[in-house]
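Below, each chain spelled out in residue letters.
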Amino acid sequence: MITCLFSDVIESPIYRTIVNRLDESDLEVKFGIVSNGTSPFSDWLVALRPSTERLEIQSRVDLPRAWGSLAAMLRRDRPDALACFGQLVTLLGFTASIGPKAPLRTYARYHSTTHRVEGNRRGLTYDRLCNRLADVIVAPNGNVVRALIDDEGVDPNRIETIPFGIRLADFAEPQDDRVDTVRRNHQIDPDRTTIGMISRLIEIKGWRYVLDPLRDRLLADPRLQLVIANAVGELEPEIRQALNSVSDQVVFIRHEPDNAALYQTFDIFVHVPITPTVEAFGLVYIEALAAGIPSVITRSGIANDLAEDGTNCLVAPHRDPTSIGRALDQLLGSASLRATLRTGAIASVQSFQIEPMADAYLDLFR
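Keep in mind that what you see is a predicted model, and the values were worked out from it rather than measured.

Parameters at a glance
Residues numbered from 1 in each chain as written. Predicted model: local features only at pLDDT ≥ 70, side-chain atom pairs only at ≥ 80, totals over all residues. Heavy atoms only, no water. Pairing = 2+ DSSP bridges. Helix = DSSP H or I, 4+ residues; strand = E, 2+ residues; numbered from the N terminus. Contact = heavy atoms within 4.5 Å. Axes fitted to C-alpha atoms, helices over the stretch in contact; angles between N-to-C directions. Core = buried A, V, L, I, M, F, W, Y, C linked by side-chain atoms within 4.5 Å. Buried < 20%, exposed > 50% of the residue type's maximum accessible area, 1.4 Å probe, protein only.

Let's talk about the sheet that holds strand β11 (residues 268-271)
Judged by pairing direction, the sheet is parallel, and its six strands sit side by side in the order β10-β9-β8-β11-β12-β13 without closing on themselves. Across the chains shown, the open sheet's two edge strands, defined by having one partner strand only, are β10 (250-253) and β13 (314-315). Sheet analysis places strand β9 (residues 224-229) next to β10, joined by four bridges and oriented parallel. Each bridged residue has a counterpart across the sheet, and for alanine 229 the counterpart in β10 is isoleucine 253. The strands touched by helix α10 (residues 207-220) are β8 (193-198), β9, β10 and β11; relative to β9, the strand with the most contacts, the crossing angle is about 150 degrees.

Let's talk about the sheet that holds strand β2 (residues 29-35)
In space, the seven strands of this open sheet follow the order β3-β2-β1-β4-β5-β6-β7, with parallel pairing throughout. The open sheet has two edge strands, β3 (53-56) and β7 (159-161), and neither has a second partner. Taken pair by pair, the neighbouring strands of this sheet meet at an average axis angle of 20 degrees, ignoring direction. Where strand β1 (residues 2-7) meets β2, six bridges bridge the pair, whose relative direction is parallel. When the bridges of β2 are listed, isoleucine 2 appears paired with valine 29. Sitting on the sheet, helix α2 (residues 40-48) touches β1, β2 and β3, and the angle it makes with β2 is about 150 degrees.

Topic: the nonpolar core
Core analysis: the biggest nonpolar cluster contains 63 residues, and Phe6, Phe41, Phe85, Tyr263 and Tyr361 have the highest contact counts within it. Each residue touching tyrosine 263, except ones within four places of it in the same chain, is listed here: Phe171, Ile198, Phe269, Val284, Glu287, Ala288, Ala291 and Ile293. Among the nonpolar cores identified, the runner-up in size contains 29 residues, and Leu214, Ile228, Ile239 and Ile324 belong to it.

Take it as geometry only, folks, not as evidence of what the structure does.
The structure is reproduced here in structure tokens:
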């Protein structure tokens, strides 16, 4: 029997697809989720599997209780394997499973060098502990594999690489009514040229280097608008202040569940993390390319292997506002360049289908 635990998730088509594949298989799987309240994913999981264990954590005070509940669940069920998706549940689940009859432990490592770049000593300690307790670590690409081996000393034989996947056709051609709904819900003006970003408001995403180029172009052209989705993080007050002079041209979206439709409200996409390794994978790269949105990026995560400047996107150097602004001007000023990048983008991601990813997880669990 396998116990499969999730945390740190509001919604995830990837997790849904993995769960569905496990649910349809002949494996005996028990699911659990740790969260600070209900979410679309947790509600869906409980509806699919009413036996799902749901543990709520509102603050650090609740952590010992959650750990105790997980330990009791694992002693009761005695799974052969424990699979964890999410940093919090990996730490809780792995430590709660320590004992004379511990299950095989695997976790999905969906971050790369973030803790080191941020100077997060606690996060680095958690990484070392989880790596030590894991029998198998799943990495989404070579970028994470290199971080595990070169920076954290993990034995390569304990690493399994399973790339992310998405439903490519849904991003390329979502139904028009879904796109219209997203526009209407967030008051995105269809008559303006839209620069879109889907990025948490945190340091590693490169906000300090993109704000001036964005604001300058919005000031110069009132026909432009900026849409910032996944707009949560410690830099939110600073970013809102920096864009205050163009606030009537900026839309902030905290969460939009229909990402595929959201991309189709963009004319240009921007994603500029600050180092080549700070993104573990960077799913937004794949989504934007699959949606055919002409993009200005810095290479990080999977973009190190995938981005071809002038073919499927425009690539700027890291932490370089001038180059980012120049690339934006190129896209805004050339319909033919946008068309070229759109074609190249869609062609470059055809191997990132979601079903093979779920099959690979099923094979691993078998």
